[in-house]
Structure formats: C-alpha cells, structure tokens
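Here's the letter readout for the chains.
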Amino acid sequence: MNKKLVTALNDQIKYEFEAAFNYLAMAAYFEEQTFPGMAHWMRLQYEEELAHANKIFDFLSDRGEKVNLQALSKPVSNFKSPLDAFQKALKHEQKVTALINDLYALAVNEKDYPAQVVLQWFVLEQVEEEKNAGDVIEQLKRIGDDGPALLQLDQQLAQRQPEA
Ligand code: FEO
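Residues numbered from 1 in each chain as written. Predicted model: local features only at pLDDT ≥ 70, side-chain atom pairs only at ≥ 80, totals over all residues. Heavy atoms only, no water.

Novice: So what exactly am I meant to see when it comes to the nonpolar core here?
Specialist: As a rule of thumb, nonpolar side chains are buried together in soluble globular proteins. Counting 26 residues, the largest nonpolar core has Phe 30, Met 38, Met 42 and Phe 86 as the members making the most contacts within it. Going through the elements one at a time, helix H1 (3–32), helix H2 (36–62), helix H3 (82–109), helix H4 (113–143) and helix H5 (147–157) are the ones with two or more residues in this core. The leading source of residues in this core is H1, at six residues. Other than its neighbours up to four places away in sequence, Phe 30 contacts Phe 35, Met 38, Ala 39, Met 42, Pro 82, Ala 85 and Phe 86. Membership of the second largest hydrophobic core comes to 17 residues, among which are Val 67, Leu 103, Leu 106 and Phe 122. (Core = buried A, V, L, I, M, F, W, Y, C linked by side-chain atoms within 4.5 Å. Buried < 20%, exposed > 50% of the residue type's maximum accessible area, 1.4 Å probe, protein only. Helix = DSSP H or I, 4+ residues; strand = E, 2+ residues; numbered from the N terminus. Contact = heavy atoms within 4.5 Å.)

Novice: How do you make sense of the environment of Asn 101 when you look at a structure like this?
Specialist: You can see Asn 101 is positioned in helix H3. Remark: the alpha-carbon pair of Asn 101 and Ala 164, spanning 63 residues in sequence, is separated by 24 Å.

Novice: Would you mind going over the side chain of Glu 49 with me for this structure?
Specialist: You can see Glu 49 is positioned in helix H2. One buried charge, Glu 49, has no salt-bridge partner; the nearest side chain with opposite charge is Arg 160, at 8.3 Å. In contact with Glu 49, not counting residues within four places along its chain, are Glu 16, Ala 19, Ala 20, Tyr 23, Glu 93 and Glu 129. (Lys, Arg positive; Asp, Glu negative; His and termini not counted. Salt bridge = Lys/Arg side-chain N within 4 Å of Asp/Glu carboxyl O.)

Novice: Quick question: what am I supposed to make of the pattern of salt bridges here?
Specialist: Where side chains of opposite charge bring their charged atoms close, a pairing between them can arise. With the rule as written, the count across this model stands at five salt bridges. For Lys 14, the salt bridge is made with Glu 18, and the minimal N-O distance between the two is 3.1 Å. With Lys 14 and Glu 18 both in helix H1, this residue pair falls four residues apart, about one helical turn. Take Lys 14 and Glu 18: they sit in the same class, and that class is buried.

Novice: Looking at this structure, how should I read H1?
Specialist: Structural remark: α-helix, 3.6 residues per turn; residues separated by three or four positions point the same way. The end-to-end C-alpha separation of H1 is 44 Å, in line with the 44 Å expected for 30 residues at 1.5 Å each. In this structure Asn 2 caps H1, since a side-chain oxygen of it lies 3.0 Å from the backbone nitrogen of Lys 4. (Expected span 1.5 Å × (residues − 1). Polar contact = N/O pair within 3.5 Å; in protein donor to acceptor, adjacent residues only side chain to side chain.)

Novice: Quick question: what am I supposed to make of the packing of aromatic side chains here?
Specialist: For any pair of aromatic rings, the description consists of the separation of the ring centres together with the inter-plane angle of the planes. Under the criterion given, the structure shown has six aromatic pairs. On the numbers, 6.4 Å between centres and 75° between planes, the contact of Phe 30 with Phe 35 is edge-to-face. Among the residues examined, Phe 30 registers a relative accessible area of 0% and is labelled buried. The class of Phe 35 is buried, set by a relative accessible area of 12%. One aromatic cluster is present, formed by Tyr 29, Phe 30, Phe 35, Trp 41, Phe 79 and Phe 86 through successive ring pairs. Above the ring of Trp 121, the side-chain terminus of Lys 55 is found at 4.2 Å from the ring centroid. In this structure, Arg 160 packs its charged tip against the face of Trp 41, placed 4.6 Å from the ring centre. (Phe/Tyr/Trp six-rings, centres within 6.5 Å; stacked < 30°, edge-to-face > 60°. Lys NZ or Arg CZ within 6 Å of the ring centre and 35° of its normal.)

Pasting the structure below:
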C-alpha cells in the first residue's frame, strides 16, 4: 500500500480511540450527574468508536501493513450541562468527518480500491454519527430548563440499542 495512506490510516486508528475516550469521559460525566440514560447512550458510542478503530486495524493487518498504535490525548472531562456535552460530541464528530473525507480523497488519489470501499462505510457512518448527536442536541434545546422533560429524554436515551 501507499506509505502516506498507511500512515493516515494509522493516524485514524488513534482518532477513533480518542473519540472512544471522549465518549467514555462523557459517560462518566452523565453517571456523576445521575442521567443513566445519557450515560448509556455515551457508553454505546464509546463501544462504536472502539469498533471503528478495530475495523481500520483489521484492514491494515489484512493488507499486510504494520499497525502503529499511538499515544492518545487526554479527553475533555468538564461539561457545563448535558447540552454542552452533546455539543462537544457533535463538534468532535464533525472533526472526524473531515478526517475521513480527507482519507477517502487520498485513497482515490492513490487508486487504492479496497481502501476506498472500507472508507465508503466510514463516510456513511459519519452521516449517522452527526445525525445521532444532532438529534439529541435539538431535543435538549427544546427542553431548556424543563426538569421533568429532561428526565423523560434520559429515559428515552436509555432505550438505545447497540448497532447490529
Ligand atoms: Fe468513529 Fe464517531 O466516528
């Protein structure tokens, strides 16, 4: 495989693990604040990010390339409110979307067809990731300071199932 693409895919493994850590920090925040449904939602996101990192890990391995795991940066762990946490989650997803798009462009440039196919999955996954966080943000904005409505949303988010 092209060296630049291998390096960029290894960097993406790090970004996916960092995303996992960010979500885990958010899960800890929601546990502290006693919003078990939102903590559950964040914990599922954490698991999804681990799966994303492992998907790229397996792809590099299957192509006979070296997987280079890197040090992770410390996640943000202070949030002003549930809305603030979900807004930070969306911002991070938007950053990941830009990285995935750059990776895809590189795979196209290098005419690496298997990488393009794997990255197409990620391109669509990012649409879903941004929508998921965005939907909760819209609900939180509508709820504002309405305590009972916030608890109802928490109960709703507790129902989230892992991706099939
Ligand atoms: Fe791996 Fe949330 O994108």
